[in-house]
Every structure is written in structure tokens, then in C-alpha cells.
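Overview (structure and organization)
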Amino acid sequence: MKKLLAVFAFLSVLFSVNAHEYYFAFGEVEYNLSTKKLEVTLEISAHDLEFDMKKAGITLEKHIENQSGNADFKKQLESHLAKGFSISVNDSPIPLSIIGFDVLPTGLLYVYLESGVVELPESFFFRFDLLMESFPNQQNKVTFIRNTEKQTAVFLPTKPTEVITL
């Protein structure tokens, strides 16, 4: 009887737990003084991004981790990310290009992007509402690094934009 109760309790807990209630994406943006470019790393759940891309009408033939040599996918990924993550200065968007991406065994996707030459302004305007349409509990965070200084901004569905003043 105790074994039956233990199994029942285990199954009850198992079925009452959601896969994950909260969704997070992180960005790190560093201003490289020598190249005068922004170097960006986005950390996203590959599974969540695949779901979001499919919801946006992008057909994926393979999982993201199997797309590393696919130039068409890289363009689709770059375009999709630009709709949910952008950096602007004085209302002028700064174009970002993907230079690579990796999917870790944990399922986290790291996307590496770079801007062209950018003069360091007084402030950057960030929009980071990536995945927020698909996941209403999505929370994103950007850390901006210049020299040894770090500034962080948090993005929520109710506040998808932030300004970081240097």
C-alpha cells in the first residue's frame, strides 16, 4: 500500500508541474574600443526560439543545432532576431549581422552578432521583446559593457524597451 501511495504521489507531482513557467533570454553587448563595433551575444532557449519561429511562419527542416552550415537558415535567424532585438541611436537602428551560433547540450542557443563601425553615443536605445508574443511570461535582460563598466536593463512584456545612458 505504501508503494502504491508513493507512486500516486510521484505521478501527481509529475503531472502538476509545468515544463517551465518562466522564459528568459539574455543579451550581452560590448563596445569594442579598438574596432568601434558592438559585439553582441544572445542566450536563448533553442526550443523556445524554434517554437517562436514556427509560429511566425518560418519552416524549419531541422533543429537549430543542425543548421550551422545552412546559409539560408542563418539569414532567416538574423531576420527573426532583428524583429525581437534591436539597438538604435537617435532613432537610427544599428544593423547587426550574425557571425555564428552554438547550441549547447543544455539546449541553450548562443547567437553572436556584430555591428558595423559605431561612434560611441551618449545613450543606446534597446528593444528586446524577443519571444514575448509566444510566451507572455518572457523576461529578457541586456548587460551593456564598456571598458570595465557594466549596465543592465530588464525587459518585460509591459516594458519591451530601455535606454542605457553612458
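Everything discussed here concerns the structure shown above.
In what follows, the accompanying structure is described. (Residues numbered from 1 in each chain as written. Predicted model: local features only at pLDDT ≥ 70, side-chain atom pairs only at ≥ 80, totals over all residues. Heavy atoms only, no water.)

1. Examining the sheet that holds strand S3 (residues 85–89)
- Spatial strand order, S4-S3-S7-S10: four strands in an open sheet with antiparallel pairing. Edge positions in the open sheet fall to strand S4 (92–93) and strand S10 (161–165), since each of these has one partner strand only.
- As paired elements, S3 and S4 share two bridges and run antiparallel to each other. Paired with Ser88 across the strands is Pro93, a residue of S4.
- Each of S3 and strand S7 (123–128) is contacted by helix H3 (residues 71–84), which is oriented at about 65° to S3, the strand it contacts most. (Pairing = 2+ DSSP bridges. Helix = DSSP H or I, 4+ residues; strand = E, 2+ residues; numbered from the N terminus. Contact = heavy atoms within 4.5 Å. Axes fitted to C-alpha atoms, helices over the stretch in contact; angles between N-to-C directions.)

2. Description of the pattern of salt bridges
- One pass over the full model with this rule turns up five salt bridges.
- The closest approach of N and O atoms between Glu114 and Lys37, which form a salt bridge, is 3.8 Å. Taken together, the residues Glu114 in strand S6 (residues 108–117) and Lys37 in strand S2 (residues 37–45) connect sequence positions 77 residues apart.
- On the basis of relative accessible area, Lys37 is assigned to the partly exposed category, the value being 24%.
- Note that Lys159 is salt-bridged to Glu162, the shortest N-O span being 3.3 Å. (Salt bridge = Lys/Arg side-chain N within 4 Å of Asp/Glu carboxyl O. Buried < 20%, exposed > 50% of the residue type's maximum accessible area, 1.4 Å probe, protein only.)

3. Looking at the packing of aromatic side chains
- Counting across every chain of the model gives nine aromatic pairs.
- Each ring, one from Tyr23 and one from Phe135, has its centre 4.1 Å from the other, and the planes form 25°; the classification is stacked. Of this pair, Tyr23 sits in strand S1 (residues 23–32) while Phe135 sits in the loop between S7 and strand S8 (138–146), placing them 112 residues apart in sequence.
- We classify Tyr23 as buried; its relative accessible area is 15%.
- Note on Phe126 and Phe144: the rings are 6.5 Å apart at their centroids and 65° apart in plane angle, and the pair reads as edge-to-face. Taken as a pair, Phe126 in strand S7 and Phe144 in strand S8 lie far apart in primary sequence, 18 residues in all. This pair shows no difference in class: Phe126 is buried, exactly as Phe144 is.
- An aromatic cluster is defined as three or more aromatic residues linked by ring pairs; in this entry it consists of Tyr23, Phe51 and Phe135. (Phe/Tyr/Trp six-rings, centres within 6.5 Å; stacked < 30°, edge-to-face > 60°.)

4. Quick notes on the pairing of S6
- Here eight bridges tie S2 to S6, and the two strands are oriented antiparallel to one another. Residue pairing for S6: Thr41 is matched across the bridge by Tyr112.
- Where strand S5 (residues 96–103) and S6 come together, seven bridges link them in antiparallel fashion. What sits directly across from Phe101, in S6, is Val111.
- Turn length for the S5-S6 hairpin, with the two strands adjacent in sequence and antiparallel, is four residues, and the turn residue Gly107 shows positive phi of about 95°.

5. A short note on unusual backbone geometry
- The backbone of Asn90 shows a phi angle near 50°, a positive value even though the residue is not glycine.
- Looking at the element boundaries, Asn90 is found in the loop between S3 and S4.
- Positioned with a positive phi, Asn147 is a non-glycine residue whose angle comes to about 55°.
- With respect to the secondary-structure elements, Asn147 resides in the loop between S8 and strand S9 (149–155).
- Using a relative accessible area of 48% as the deciding quantity, one classes Asn147 as partly exposed.

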